[in-house]
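Observations on chain architecture
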Amino acid sequence: MSSFNWCHGPTCHTNDTQDRLRGVKGSKVLRTRKVKQNTYIGMFSYFCSNGCYNSFANKYIAQIIAIAPRTEALETPVNVDKVQDTYYNGQSYTRVEISRVDNN
Ligand SMILES: [Zn+2]
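The rules behind these values
Residues numbered from 1 in each chain as written. Predicted model: local features only at pLDDT ≥ 70, side-chain atom pairs only at ≥ 80, totals over all residues. Heavy atoms only, no water. Pairing = 2+ DSSP bridges. Helix = DSSP H or I, 4+ residues; strand = E, 2+ residues; numbered from the N terminus. Donors = N, O, S within 2.8 Å, 3.2 Å for Na, K, Ca; no water. Tetrahedral: all angles 85-135°; square planar, octahedral: opposite > 155°, others 65-115°. Buried < 20%, exposed > 50% of the residue type's maximum accessible area, 1.4 Å probe, protein only. Salt bridge = Lys/Arg side-chain N within 4 Å of Asp/Glu carboxyl O. Core = buried A, V, L, I, M, F, W, Y, C linked by side-chain atoms within 4.5 Å. Contact = heavy atoms within 4.5 Å. Patch = residues over 30% accessible without salt bridge, like charges linked within 9 Å, V, L, I, M, F, W, Y side chains within 5 Å. Areas by Shrake-Rupley, 256 points an atom, 1.4 Å probe, with all protein chains shown as cover. Phe/Tyr/Trp six-rings, centres within 6.5 Å; stacked < 30°, edge-to-face > 60°.

Relative to strand S6 (residues 92–100), strand S5 (residues 78–86) is paired through nine bridges, and the arrangement is antiparallel. Counted as the bridge partner of Asp85 is Tyr93 from S6. Where S5 hands over to S6, the hairpin turn is made up of five residues, of which Gly90 adopts a positive phi near 95°.

Here you go:
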């Protein structure tokens, strides 16, 4: 099993950086970056940068959304209370405090 993935950014190989340069004089190329694998499982196992991740997401957004389409709004039950509080200068004010409803 290889210990790296190629960056999945669709335009990774078009960025003009020295670390992407490969080949000998006269036949140089810009190559997709390798992404080292470690214990972190997530986007940085497949993308060398946020820019490459964003490029991938923007190019394939229709397919990505098709994995788990959202057809209804989600809701989180909360309690809303008005709480009297005091500024550092002693002046009192009312603030809204939002807390989660414990459904257990
Ligand atoms: Zn990349």
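This part covers the coordination of the zinc ion. Protein coordination at the zinc ion: the donors are Cys7 (SG), Cys12 (SG), Cys48 (SG) and Cys52 (SG), at 2.2 to 2.3 Å from the metal. Classification of the site at the zinc ion rests on its four donor atoms, whose angles at the metal span 106 to 115°, yielding the label tetrahedral. Read in sequence order, the donor residues for the zinc ion give the motif C-x4-C-x35-C-x3-C. Note that Cys7 is positioned in the loop between strand S1 (4–6) and strand S2 (21–22) and Cys48 in the loop between strand S4 (34–36) and helix H1 (50–59), a separation of 41 residues in sequence. Since its relative accessible area comes to 6%, Cys7 is described here as buried. Exposure remark for Cys48: the relative accessible area of 22% places this residue in the partly exposed category.

A few words on the pattern of salt bridges. Tallying each qualifying case throughout the model produces three salt bridges. In this structure, Arg95 and Glu97 form a salt bridge, with 3.1 Å as the shortest nitrogen-oxygen distance. Salt bridges sharing partners connect three or more residues here, namely Asp85, Arg95 and Glu97.

This next bit is on the nonpolar core. What tends to happen in soluble globular proteins is that the nonpolar side chains get buried as a cluster. Core analysis: the biggest nonpolar cluster contains five residues, these being Cys7, Cys12, Val35, Phe47 and Cys52. With residues up to four places along the chain from it excluded, the contact list for Phe47 reads Cys7, His8, Gly9, Val35, Cys52, Tyr53 and Phe56.

As a further point, take a nonpolar patch on the surface. Together, Ile61, Ile64, Ile65 and Ile67 line one region of the surface with nonpolar side chains, adding up to about 380 Å² of accessible area. Within the secondary structure, Ile64 is located in helix H2 (residues 61–67).

This paragraph deals with the packing of aromatic side chains. Scanning all chains against the criterion turns up five aromatic pairs. Pairing Phe47 with Tyr53 gives two aromatic rings, centres 5.2 Å apart and planes at 85°, and the pair type is edge-to-face. Residue class for Phe47 comes out buried when judged on its relative accessible area of 7%. Of the residues examined, Tyr53 reaches a relative accessible area of 33% and is grouped as partly exposed. Arranged with centres 4.9 Å apart and planes meeting at 50°, the rings of Phe56 and Tyr60 form a pair that is tilted. The class for Phe56 is partly exposed, based on a relative accessible area of 24%. What makes Tyr60 partly exposed here is its relative accessible area of 29%. Taken together, the aromatic side chains of Phe47, Tyr53, Phe56 and Tyr60 make up a single cluster linked through ring pairs.

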